[in-house]
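Residues per chain, in single letters:
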Amino acid sequence: IKKQQQDVLGFLEANKIEFEEKDIAANEENRKWMRENVPEDSRPASGNPLPPRLFNDSRYLGDYEAFFEARENNAVYAFLGLTAPPGSKVGVHVSHSEP
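On a predicted model such as this, the values are computed, not experimentally measured, just so you know. (Residues numbered from 1 in each chain as written. Predicted model: local features only at pLDDT ≥ 70, side-chain atom pairs only at ≥ 80, totals over all residues. Heavy atoms only, no water.)

S.K.: I'm lost on the packing of aromatic side chains in this one. Help?
M.R.: Aromatic ring pairs are described here by two measures, namely the spacing of the ring centres and the angle between the planes. Under the criterion given, the structure shown has six aromatic pairs. Counting every residue linked through ring pairs, the aromatic cluster contains F11, Y64, F67, F68 and F79. (Phe/Tyr/Trp six-rings, centres within 6.5 Å; stacked < 30°, edge-to-face > 60°.)

S.K.: Mind showing me how you'd approach the nonpolar core here?
M.R.: What tends to happen in soluble globular proteins is that the nonpolar side chains get buried as a cluster. If you look at the biggest cluster of nonpolar residues, it comprises 14 residues, and the most contacted ones within it are I17, L54, F67, F79 and L80. Listing elements by their share of this core, those giving two or more residues are helix 1 (2-14), helix 3 (64-72) and helix 4 (76-80). When residues in this core are grouped by element, the largest group, four residues, is from helix 4. Core analysis: the second largest hydrophobic core is formed by five residues, I24, V38, F55 and Y60 among them. (Core = buried A, V, L, I, M, F, W, Y, C linked by side-chain atoms within 4.5 Å. Buried < 20%, exposed > 50% of the residue type's maximum accessible area, 1.4 Å probe, protein only. Helix = DSSP H or I, 4+ residues; strand = E, 2+ residues; numbered from the N terminus.)

S.K.: Explanation requested: the pattern of salt bridges in the structure shown.
M.R.: One pass over the full model with this rule turns up four salt bridges. With its nearest N and O atoms 2.8 Å apart, the salt bridge here joins R71 to D7. Of this pair, R71 sits in helix 3 while D7 sits in helix 1; the two residues are 64 residues apart in sequence, bridging distant segments of the chain. Ionic pairing is found between R43 and E40, a salt bridge with its closest N-O pair at 3.5 Å. (Salt bridge = Lys/Arg side-chain N within 4 Å of Asp/Glu carboxyl O.)

S.K.: I would appreciate a short explanation of unusual backbone geometry in the present structure.
M.R.: Excluding glycine, residues mostly have negative phi values, and the peptide bonds linking residues are mostly trans. The residue after P51, namely P52, is reached through a cis peptide bond having omega -5 degrees. Summarising the element assignment, P52 is placed in the loop between helix 2 (28-37) and strand 2 (53-56). For D57, which is not a glycine, the phi torsion comes out positive at approximately 60 degrees. Examined against the element boundaries, D57 turns out to sit in the loop between strand 2 and strand 3 (59-63).

S.K.: Looking at this structure, how should I read the pairing of strand 3?
M.R.: The side chains of a regular strand alternate, residue by residue, between the two faces of the sheet. Sheet analysis places strand 2 next to strand 3, joined by four bridges and oriented antiparallel. Each bridged residue has a counterpart across the sheet, and for R53 the counterpart in strand 3 is D63. Between strand 2 and strand 3, which pair antiparallel and follow one another directly, the connecting turn spans two residues, one of which, D57, has a positive phi of 60 degrees. (Pairing = 2+ DSSP bridges.)

S.K.: Mind showing me how you'd approach the environment of D23 here?
M.R.: When you line up the elements, D23 lands in strand 1 (residues 20-23). Judged by relative accessible area, D23 falls into the buried class, the value being 17%. Between the C-alpha atom of D23 and that of P51, which follows or precedes it by 28 residues, the distance is 9.4 Å. In terms of polar contacts, D23 uses its side chain to reach the backbone amide nitrogen of A25, at 2.8 Å. A distance of 3.4 Å separates a polar side-chain atom of D23 from the backbone nitrogen of A26. (Polar contact = N/O pair within 3.5 Å; in protein donor to acceptor, adjacent residues only side chain to side chain.)

Structure follows, in structure tokens:
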């Protein structure tokens, strides 16, 4: 999980995409928000959704696998719901967990 989180955050930082991290390990309210905002069809069959999960404001974008696939297909900006060119300041939320 930590490596996936670092991969997402590193990409966002390298491309100067503004984001807000929400730690779900240390903050029960963030954990509850993430679990409530991951759509039913994107949740695991059992248990709770695990980070990293990406949101644009409260709109769910996907998990690490979806992010990775978009990155491999050079479609990250579309995946993130961003229309601005690279280097623009646009807000994205990344739910994560600290060990």
